[in-house]
Amino acid sequence: MTDRLEPKLGLYGVFAVSVGAMIGSGIFVLPALAVKIAGPAVVLAYFIAGLIIFPAAFSKSEMATAMPESGGVYLYIDRAMGPLMGTIAGFGVWFSMIFKSAFALVGLGAYLRLFEHLPERPVAAALAVIIILINIAGATTTARFQSFLIALVLGVLAIFVMTGASSVDATNFDPFFSKGIKGLLSATGLVFVSFIGVTKVASVAEEVRRPERNLPAGILLSVALMIILYPLLTWVMVGTTGVEGLTGTVTQMTTSAEQFMGTLGFDVIAAVAIIALVSMANAGVLASSRYPFAMARQALAPPFLSRISSRSTPVASILLTGAVLLVLIAFVPILELAKLASAFQL
């Protein structure tokens, strides 16, 4: 049996994994936390965070094209600076991705309660188990699942922006820098985690068809979309709900949608939030599980993690990643998950 994973992802698959890794908690959970820090300037915080990630996106797309193998950051730093630095970077990004997936799954608990009063942590853990099983089924199954979710989410968010734009009240942005420049910079550091998913797809480069075309195109298209979409979404939320309205809820998009779309908008956005957060966690498990797999192939992690199943899936690495994910869901507070995800990535 070959020790390489089979290339099964096309351009849209790359785009869906990259967008899905960004679009969940970054817009459905974080704005309520970030607006407390930056006030209306949260819109600018998202834009600045997007600009910061752009050089990394260009760099990552170039490196992934040159070395289309599993491992992403670990692989590049290992080749350039040696095994020690590569291993440190590999474990850092691996933990960052798992923290972000846990953040997404715990964060969707607040949206689930809008339909049914369910315990957050047990539901998040159950969804994590489902995602782990989908990933074990193979990259093709995972990519199809991801592609469907992303198409649905992007369509609804486009409607949200176009419908809500006419209801934006400019007075909700006065004063724009109510928390000062310090608040803006602090919020930028917090929401930076919303964009780091764009680099995740490089870790599955080995599984991409025509990587010289599909990898850079998928990565750059996804970050370009999100650097526009995130500020637009937060602009509509702040403009229709106001800072106080956003800080008083943990389901900020549904609160905003109800202002100009009524009960139907409230229900639709709540459902889409759940879908988006699941897609984020799914992309996180897919990408992060390739780090222990790649390190094991270089004898920098236990060798059993490099085993590939008959479905061309690194099952042991996925199970290890899933186990850490379940522990984080069970024990770490939601705000700490976001902070630690950003800290490990930076």
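Since we're looking at a predicted model, the values are computed, not measured.

**Thoughts on the side chain of T142**
Part 1 of the argument: As for its placement among the helices and strands, T142 is situated in helix α9 (residues 139-164).
Part 2 of the argument: By relative accessible area, T142 is classed as buried at 1%.

**A word on the nonpolar core**
Part 1 of the argument: I23, F28, L105, F160 and M253 are the most contacted members of the largest nonpolar core, which has 116 residues in total.
Part 2 of the argument: Residue contributions to this core peak at 17 residues, all from helix α12 (residues 252-288).

**Topic: the pattern of salt bridges**
Part 1 of the argument: Going through the model one piece at a time under the given rule, you end up with 5 salt bridges.
Part 2 of the argument: As a salt-bridge pair, E6 and K8 come within 3.9 Å of each other at their nearest N and O atoms.
Part 3 of the argument: For the salt bridge of E69 with R79, the shortest nitrogen-to-oxygen distance reads 3.2 Å. Taken together, the positions of E69 in the loop between α4 (42-66) and α5 (73-81) and R79 in helix α5 put the pair 10 residues apart, joining distant regions of the chain.
Part 4 of the argument: In this structure E69 comes out as partly exposed when scored by relative accessible area, which is 22%.
Part 5 of the argument: By relative accessible area, R79 is classed as partly exposed at 44%.

**Remarks on helix α1 (residues 11-22)**
Part 1 of the argument: Here α1 is 12 residues long and its end C-alpha atoms lie 17 Å apart, about the 16 Å a rise of 1.5 Å per residue gives.
Part 2 of the argument: Buried residues dominate α1, accounting for 10 of its 12 residues.
Part 3 of the argument: For α1, the complete set of buried residues consists of G13, V14, F15, A16, V17, S18, V19, G20, A21 and M22.

**Some words on unusual backbone geometry**
Part 1 of the argument: Omega for the bond connecting D174 with P175 falls within 30 degrees of zero, at 0 degrees, which places this linkage in the cis form.
Part 2 of the argument: With respect to the secondary-structure elements, P175 resides in the loop between α9 and α10 (180-191).
Part 3 of the argument: The backbone of R210 shows a phi angle near 45 degrees, a positive value even though the residue is not glycine.
Part 4 of the argument: Relative to the elements of secondary structure, R210 occurs in the loop between α10 and α11 (211-247).

Calculation notes
- Throughout this document, residue positions are counted from 1 along each chain, in the order its sequence is written.
- Given that the model is predicted, a residue must reach a pLDDT of at least 70 before its local features are reported, and side-chain atom pairs must reach 80 or more before they are shown or counted; all residues, however, enter totals for whole chains, interfaces and linings.
- Note that the side-chain values use all heavy atoms of the structure and ignore hydrogens as well as water.
- Each helix is a run of DSSP H or I of at least 4 residues and each strand a run of E of at least 2, with the numbering of both proceeding from the N terminus.
- In this scheme, a residue with accessible area under 20% of its type's maximum is buried, one over 50% is exposed, and one in between is partly exposed, where area comes from a 1.4 Å probe on protein chains only.
- For our purposes a nonpolar core is just a set of buried Ala, Val, Leu, Ile, Met, Phe, Trp, Tyr and Cys residues, chained together by side-chain atoms within 4.5 Å.
- Each reported salt bridge corresponds to a side-chain nitrogen of Lys or Arg within 4 Å of a carboxyl oxygen of Asp or Glu.
- Each helix should span, by expectation, one fewer than its residue count multiplied by 1.5 Å.

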